[in-house]
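Residue-level structure breakdown
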Amino acid sequence: MNDSSSARPAAVLDVWCELQCPECHSALDDLRALRARYGDRLELRLRHFPLEKHKHAFAAAQAAEEATEQGQAWPYIEAVLGRVEELNRQGEPFLVEVARELGLDAEEFDTALIDGRHILIVDADQAEGKAIGVTGTPTYVIGGELLDGGKSQQGLRERIEEITDRLLT
């Protein structure tokens with residue numbers, strides 16, 4: 001009786017993030033816990049907000065889009081965020097290497113980073129983020145509320161759960 005294929009998730013959490021951000025790495029545990037608690041009733045959407053201070057963040061955002069296209073968005077995002085130091089040191093070759101490790105089409109990642117096919121998506125996310133008041137990462141938007149996790153993660157998961165529970169009832 002599970003007709004979830006056509007049903008839309010009752011709640012959507014936009015996660016404004018960048019893959020070279022240590023705070024986004026520490027937010028992963030919260031995101032995993034939210035996924036475990038709500039399953040497909042809560043849609044987690046990664047939104048790109050690469051910060052200029054991180055020189056590989058823009059390429060990483062494009063790579064995440066390529067992973068999405070290849071059907072491995074979250075495994076790729078988690079793998080890159082879990083190794084921020086390697087991204088800092090190696091840059092784009094590291095992004096392609098992670099794709100290879102996950103069994104994705106690494107050549108396609110390489111090509112996507114060269115031809116810039118995902119730049120428009122990243123630019124659009126960033127523009128939308130700026131327009132709604134995102135200034136740093138991670139920032140969460142759920143139920144019309146903007147929660148800034150860049151300053152502190154403290155209490156944010158509880159707040160997201162409160163809002164999600166309200167949206168799901």
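Residues numbered from 1 in each chain as written. Predicted model: local features only at pLDDT ≥ 70, side-chain atom pairs only at ≥ 80, totals over all residues. Heavy atoms only, no water.

**Thoughts on the nonpolar core**
Among the nonpolar cores identified, the biggest contains 44 residues, and Leu-13, Tyr-76, Leu-95 and Tyr-140 are the most heavily contacted of them. Per-element tally for this core: the top contributor is helix H3 (residues 73-81), with seven residues. Setting aside residues no more than four positions away along its own chain, Tyr-76 makes contact with Ala-63, Ala-64, Ala-67, Leu-95, Val-98, Ala-99, Leu-102, Leu-104 and Phe-109. In terms of nonpolar packing, the next biggest core, distinct from the first, is built from five residues, Trp-16, Leu-51, Val-134 and Val-141 among them. (Core = buried A, V, L, I, M, F, W, Y, C linked by side-chain atoms within 4.5 Å. Buried < 20%, exposed > 50% of the residue type's maximum accessible area, 1.4 Å probe, protein only. Helix = DSSP H or I, 4+ residues; strand = E, 2+ residues; numbered from the N terminus. Contact = heavy atoms within 4.5 Å.)

**Some points on the pairing of strand E2 (residues 42-48)**
Of all the seven residues making up E2, five are buried; the element is thus mostly covered by neighbouring parts of the structure. Judged from the seven bridges that link them, strand E1 (residues 11-17) and E2 form a sheet pairing that is parallel. Opposite Leu-13, over in E2, you have Leu-44 as the bridge partner. With respect to chirality, the unit in which E1 leads through helix H1 (residues 22-38) into the neighbouring parallel E2 is right-handed. (Pairing = 2+ DSSP bridges. Right-handed = clockwise from strand over helix to strand, strands pointing away.)

**Some details on the pattern of salt bridges**
All told, the structure shown has 20 salt bridges when counted by the stated rule. The closest approach of N and O atoms between Arg-35 and Glu-78, which form a salt bridge, is 2.6 Å. Here Arg-35 is found in helix H1, whereas its partner Glu-78 is found in helix H3, with 43 residues between them in sequence. A relative accessible area of 30% means that Arg-35 is categorised as partly exposed. Owing to a relative accessible area of 18%, Glu-78 belongs among the buried residues under this scheme. Ionic contacts of the salt-bridge type, sharing partners, join the residues Asp-14, Arg-45, Arg-47, Asp-125 and Glu-128 into one network. (Salt bridge = Lys/Arg side-chain N within 4 Å of Asp/Glu carboxyl O.)

**Considering the packing of aromatic side chains**
Evaluation of the coordinates by the stated rule reveals one aromatic pair. A centroid spacing of 5.1 Å and a plane angle of 35 degrees characterise the contact between Tyr-76 and Phe-109, whose relative ring orientation is tilted. With a gap of 33 residues between them, Tyr-76 in helix H3 and Phe-109 in helix H6 (residues 106-115) connect regions that are remote in the sequence. There is no split in this pair, since Tyr-76 and Phe-109 are both buried. Stacked on the ring of Trp-74, the Lys or Arg Arg-35 has its end atom at 5.1 Å from the ring centre. (Phe/Tyr/Trp six-rings, centres within 6.5 Å; stacked < 30°, edge-to-face > 60°. Lys NZ or Arg CZ within 6 Å of the ring centre and 35° of its normal.)

**Section: the confidence of the model for the protein**
Across the protein, the average pLDDT comes to 92, with 95% of residues at 70 or higher. Across residues 1-6 the pLDDT falls below 50, and counting only partners more than four positions away or on other chains, this stretch makes one contact in the model. (pLDDT = per-residue confidence, 0-100.)

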